[in-house]
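# Overview (structure and organization)
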Amino acid sequence: MTPQFENVSIADASSVEATCREYGLTKEQFSELHRRCVAAKSTAYCPYSKFRVGSSIVSTEGAYFNGANVENASYPVGTCAERVAFGKAVTEGHRRIKAVAVATDISPPASPCGMCRQFIREFCDLTAPIIMFDKDDNYTVKRLSELLPLSFGPEALPPPGQHYV
């Protein structure tokens with residue numbers, strides 16, 4: 001069964017405004033995430049799948065980081081766009097991410113893969129919006145908790161130096 005998405009056109013200003021209100025984003029943040037993740041697709045290295053993915057994230061401090069998928073002839077070694085963006089953010093000292101955006105060349109839009117969802121969980125609250133754009137600039141938004149129910153996060157582990165008995 002194909003997942004059901006409520007696709008919204010980015011051209012529908014009132015819907016974009018409602019999305020921003022619901023997910024705690026400014027219109028500028030939403031527009032910037034859209035622009036950046038779509039642009040990031042052009043930097044994808046995907047000679048095997050030909051499936052371009054671009055991602056952009058914004059930290060709680062307002063810094064943006066972009067990423068694109070990078071494939072490898074040894075397929076499991078490739079890296080998804082989301083993890084590239086998060087890797088940049090983390091290595092630049094930004095470990096609290098407010099929102100994630102992903103763009104692909106298909107419709108309906110693609111959501112982050114399972115590995116990326118778990119990776120995102122490390123650095124985002126479960127209420128963080130994951131905005132997914134399709135090839136026609138339509139989008140859908142889900143909270144991380146909807147994409148990763150019953151998640152396992154860093155708070156489930158003992159503090160460094162302590163062990164569970």
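First, a word on scope: everything that follows refers to the structure included in this document. Owing to the predicted nature of the structure, the values given are computational and were not obtained by experimental measurement.

Reading the values: rules and limits
Residues numbered from 1 in each chain as written. Predicted model: local features only at pLDDT ≥ 70, side-chain atom pairs only at ≥ 80, totals over all residues. Heavy atoms only, no water. Pairing = 2+ DSSP bridges. Helix = DSSP H or I, 4+ residues; strand = E, 2+ residues; numbered from the N terminus. Phe/Tyr/Trp six-rings, centres within 6.5 Å; stacked < 30°, edge-to-face > 60°. Buried < 20%, exposed > 50% of the residue type's maximum accessible area, 1.4 Å probe, protein only. Arc of directions from axis to C-beta. Contact = heavy atoms within 4.5 Å. Patch = residues over 30% accessible without salt bridge, like charges linked within 9 Å, V, L, I, M, F, W, Y side chains within 5 Å. Areas by Shrake-Rupley, 256 points an atom, 1.4 Å probe, with all protein chains shown as cover. Salt bridge = Lys/Arg side-chain N within 4 Å of Asp/Glu carboxyl O. Axes fitted to C-alpha atoms, helices over the stretch in contact; angles between N-to-C directions.

Turning to the pairing of strand E6 (residues 138–143), a few remarks are in order. Put simply, side chains in a regular strand alternate between the two faces of the sheet. As judged from the two bridges shared by strand E1 (residues 8–9) and E6, these two strands associate in the antiparallel manner. Bridging from a neighbouring strand, Val8 pairs with Tyr139 of E6. In sequence, strand E5 (residues 129–133) turns back onto E6 through a hairpin of four residues, with Asp137 there showing a positive phi of about 65°.

Moving on to the packing of aromatic side chains. Scanning the model with the defined rule gives seven aromatic pairs in all. Judged by centre distance (5.0 Å) and plane angle (65°), the rings of Phe30 and Tyr139 are edge-to-face. Here Tyr139 lies in strand E6 and Phe30 lies in helix H2 (residues 27–41), a separation of 109 residues in the sequence. Considered together, Phe30 and Tyr139 belong to a single accessibility category, that of buried residues. Taking 5.8 Å as the distance between ring centres and 50° as the angle between the ring planes, the aromatic pair formed by Phe133 and Tyr139 counts as tilted. For Phe133, a relative accessible area of 0% corresponds to the buried category.

This paragraph deals with helix H1 (residues 13–23). Among the residues of H1, those classed as buried are Val16, Thr19, Cys20 and Tyr23. An end-on view of H1 places all buried positions within 95° of arc, on one side of the element. More than 90 degrees from the buried face of H1, the exposed residues found are Ser14 and Arg21. Its buried side turned inward, H1 meets E1, H2, E5 and E6. With its phi angle positive at about 70°, Gly24 sits one or two positions after the end of H1.

What follows deals with the side chain of Thr104. Structurally, Thr104 can be placed in strand E4 (residues 97–104). In this view, Thr104 contacts Lys41, Phe51, Arg52, Val53, Pro109, Ala110, Phe133, Asp134 and Lys135; residues no more than four positions away in its chain are not counted.

Right, let's talk about the environment of Arg21 for a bit. Considering the arrangement of structural elements, one finds Arg21 in helix H1. Of the residues examined, Arg21 reaches a relative accessible area of 58% and is grouped as exposed. The spacing of Arg21 and Ala85 is 64 residues in sequence and 25 Å in space, taken between C-alpha atoms.

A cluster of nonpolar side chains, contributed by Tyr45, Tyr48, Val70 and Tyr75, occupies part of the molecular surface with about 440 Å² of accessible area. Structurally, the position occupied by Tyr48 is in the loop between H2 and strand E2 (53–59).

Sheet architecture is open: six strands sit in the order E1-E6-E5-E4-E2-E3, paired in mixed fashion. Here the strands that pair on one side only, and so sit at the sheet edges, are E1 and strand E3 (64–68). Looking at chain direction, E5 and E6 are connected through five bridges and run antiparallel. Counted as the bridge partner of Phe133 is Tyr139 from E6. Set on the sheet, H2 makes contact with E2, E3, E4, E5 and E6; between it and E2 the angle comes to about 145°.

Structural measurements only, silent on function.
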